[in-house]
Amino acid sequence: MSTAMNFSNKSFTPRPPDKGAFPLDHFGECSAFKERFMECLRHSGYESAACRQSAKAYLECRMDRRVTQLMANEPLEKLGFKDLINEKSEEKPEK
């Protein structure tokens, strides 16, 4: 009687995470936005809440680069920037 286990019956297919990982920006298309975000973090003592505008701009840059597929287009509300979108619309004067 064999006590060896056979693991070949089950197959595991890895898949990338839904959010939190995306391709590297090999061509530096959004490096200026990344640098502004990193500079903001350094000045704020690495308090990310103080740099949400910079983070939003960086993610928008990545989503706008559809040719190089840096990031899938995603509504900013789903990424946690709903309050920043509402602030922007409130600042515009209505005619």
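Scroll up to find the structure.
The following paragraphs examine the structure supplied in this document. What you are looking at is a predicted structure, and each value in this text was computed from that prediction instead of being measured.

We now examine the state of the cysteines. Counted by the stated rule, this structure contains two disulfides. Between Cys-30 and Cys-61 runs a disulfide, and the two sulfur atoms are separated by 2.1 Å. Negative torsions about the S-S bond denote left-handed disulfides, and the value of about -90 degrees found for Cys-30 with Cys-61 makes this one left-handed. Taken together, the residues span a long stretch of sequence, with Cys-30 in the segment before α1 (31-43) and Cys-61 in helix α2 (residues 52-64) at a distance of 31 residues. Its relative accessible area of 1% is what places Cys-30 among the buried residues. The class for Cys-61 is buried, based on a relative accessible area of 3%.

For the rest of this paragraph, the subject is unusual backbone geometry. Unlike most non-glycine residues, Tyr-46 shows phi in positive territory, near 60 degrees. With respect to the secondary-structure elements, Tyr-46 resides in the loop between α1 and α2. Given the relative accessible area of 56%, Tyr-46 is considered exposed.

Reading guide: rules and limits
Residues numbered from 1 in each chain as written. Predicted model: local features only at pLDDT ≥ 70, side-chain atom pairs only at ≥ 80, totals over all residues. Heavy atoms only, no water. Disulfide = S-S within 2.5 Å. Helix = DSSP H or I, 4+ residues; strand = E, 2+ residues; numbered from the N terminus. Buried < 20%, exposed > 50% of the residue type's maximum accessible area, 1.4 Å probe, protein only.

Nothing here speaks to function; it is all geometry.
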